[in-house]
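Single-letter residue listing:
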Amino acid sequence: MRFRTKTKRAIALTATAILPHTYLTPHAAKCKYGNESQHEWTGLKLYWTDIPAATGGYLRWPRKTYFDGGTGIYKGMDNSYCFCVANHTGQAGMGDEGYLEEGAGALLVQDYVLFKGNKDVYYDPAIADRMKKLTFCLAAAAANYPGQRSDSELKSGIQGTYMYTMATSVFLAIEGRLQTDPQNPATKIMIRTEDKEAARTAYHQAMEQEFFLYPHANQNKDGEVCEIDATIKQQLLANRDAFFDEVWDAAIIMCDAIGTDGTQPVANRVIGSHHG
């Protein structure tokens, strides 16, 4: 999704809970001046809440991002978490409005694999088609799971943050842009096969790296060693496996419903109607 800013049309390659009818466009780009009328404006405004650290202060990044507002069919996305699924470049501002480009249409499997965050994702050729469909469905299941949240939760650094973290960690494990050793590309964290337990391990590792479940250097905070707030950590450890089981099983069901090449409308109808 892209965002309207006060001074320019700006970029944020993100996605949120799957839209009920129209899907998000897969590439970030600035809206050219004068072309605003060609886009579908959602009324959804981007906001975020900082996540507290165990040692005081905040992690700085990641943050808990969410939508407020919404008009027309997008009103149902008010108070929904907003998830980055493509390692976006550039940061939209607080309160910027999201829009879809004219003719964006439905997001199909072959579009999702073109997301910038998926550009370094490679599967064994023998299973590549199946894995592209499966991870597409897994992303949809994870994004849909949280549903609408309360104002108090969205604005709280602690309340509900475990839910946002669990869903985000699924996207990170799909993208494969994290490593257990930042200096060693061979330690890439990624869901590579349909082996559920191997996928669970990648999900755990992505969560531990991105959200500082255990102390390590935060490159977004001048290398300061960070650890997430103890309450959030406890909630994550208590709930993350049950969450993964539910979204994985839902993804398998949806994946099996997609036609042979992933282009049939049934793929989107199934994903669009799935919740939790």
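Residues numbered from 1 in each chain as written. Predicted model: local features only at pLDDT ≥ 70, side-chain atom pairs only at ≥ 80, totals over all residues. Heavy atoms only, no water.

### Notes on helix H6 (residues 230–257)
No. 1: Across its 28 residues, H6 extends 40 Å between first and last C-alpha, which sits within 8% of the 40 Å expected from 1.5 Å per residue.
No. 2: Maximum bend of H6: about 45°, positioned at Asn-239.
No. 3: By the N-cap criterion, in which a side-chain oxygen at the helix start approaches the backbone nitrogen of a residue two or three places on, H6 is capped by Asp-229, the distance to Thr-231 being 2.9 Å. (Helix = DSSP H or I, 4+ residues; strand = E, 2+ residues; numbered from the N terminus. Expected span 1.5 Å × (residues − 1). Bend = angle between axes of the 7 residues up to and from the residue. Polar contact = N/O pair within 3.5 Å; in protein donor to acceptor, adjacent residues only side chain to side chain.)

### Comments concerning the environment of Trp-41
No. 1: With respect to the helices, strands and loops of the structure, Trp-41 is situated in strand S4 (residues 40–52).
No. 2: The class for Trp-41 is buried, based on a relative accessible area of 19%. (Buried < 20%, exposed > 50% of the residue type's maximum accessible area, 1.4 Å probe, protein only.)

### Details of the state of the cysteines
No. 1: Per the counting criterion, the structure on display carries 0 disulfides.
No. 2: Not engaged in a disulfide, the cysteine Cys-137 finds its nearest cysteine sulfur in Cys-255; these two sulfurs lie 5.1 Å apart. (Disulfide = S-S within 2.5 Å.)

### Examining the confidence of the model for the chain
No. 1: When pLDDT is averaged along the chain, the result is 79, and 76% of the positions lie at 70 or above.
No. 2: pLDDT under 50 marks residues 3–33. Its contacts with residues more than four places away, or in other chains, come to 117 contacts. (pLDDT = per-residue confidence, 0-100. Contact = heavy atoms within 4.5 Å.)

### A few points about the nonpolar core
No. 1: Counting 60 residues, the largest nonpolar core has Leu-138, Met-166, Ile-191, Phe-243 and Trp-248 as its most contacted members.
No. 2: Of all the elements in the fold, those that place two or more residues in this core are strand S5 (58–69), strand S6 (80–83), helix H1 (109–112), helix H2 (128–144), helix H4 (161–175), helix H5 (196–210) and H6.
No. 3: It is H6 that contributes the most residues to this core, 11 residues altogether.
No. 4: Ignoring sequence-local partners within four residues, the contact set of Ile-191 consists of Tyr-123, Met-131, Leu-138, Ala-173, Ile-174, Ala-199, Ala-202 and Trp-248.
No. 5: Ranked by size, the runner-up nonpolar core spans 9 residues in total, among them Trp-48, Tyr-74, Cys-82 and Leu-100. (Core = buried A, V, L, I, M, F, W, Y, C linked by side-chain atoms within 4.5 Å.)

### Side note on the packing of H2 against H4
No. 1: Closest axis-to-axis distance for the H2/H4 pair is 8 Å, and the angle between their directions is 165°. Classified by the angle their axes make, H2 and H4 are roughly antiparallel. For the crossing formed where H2 meets H4, the hand is left-handed. Two secondary-structure elements touch here, H2 through Thr-135, Leu-138, Ala-139, Ala-142 and Ala-143 and H4 through Ala-167, Val-170, Phe-171 and Ile-174.
No. 2: Of the residues that constitute the contact of H2 with H4, the class distribution is 8 nonpolar, 1 polar and no charged. (Axes fitted to C-alpha atoms, helices over the stretch in contact; angles between N-to-C directions. Parallel < 35°, antiparallel > 145°, perpendicular 65-115°, else oblique. Left-handed = near helix turned anticlockwise from the far one by under 90°. Nonpolar A, V, L, I, M, F, W, Y, C, P; charged D, E, K, R; others polar.)

### Comments concerning the packing of H4 against H5
Two quantities define a packed helix pair, namely the angle between the helix axes and the distance between the axes.
No. 1: The contact between H4 and H5 brings their axes to 8 Å, and the two run at 110°. For the element pair H4 / H5, the angle class is roughly perpendicular. Between H4 and H5 the crossing geometry is right-handed. Across from Thr-165, Met-166, Ser-169, Val-170, Leu-172 and Ala-173 in H4, the residues of H5 making contact are Ala-202, Tyr-203, Ala-206, Met-207 and Glu-210.
No. 2: In the contact of H4 with H5, the residues fall into 8 nonpolar, 2 polar and 1 charged.

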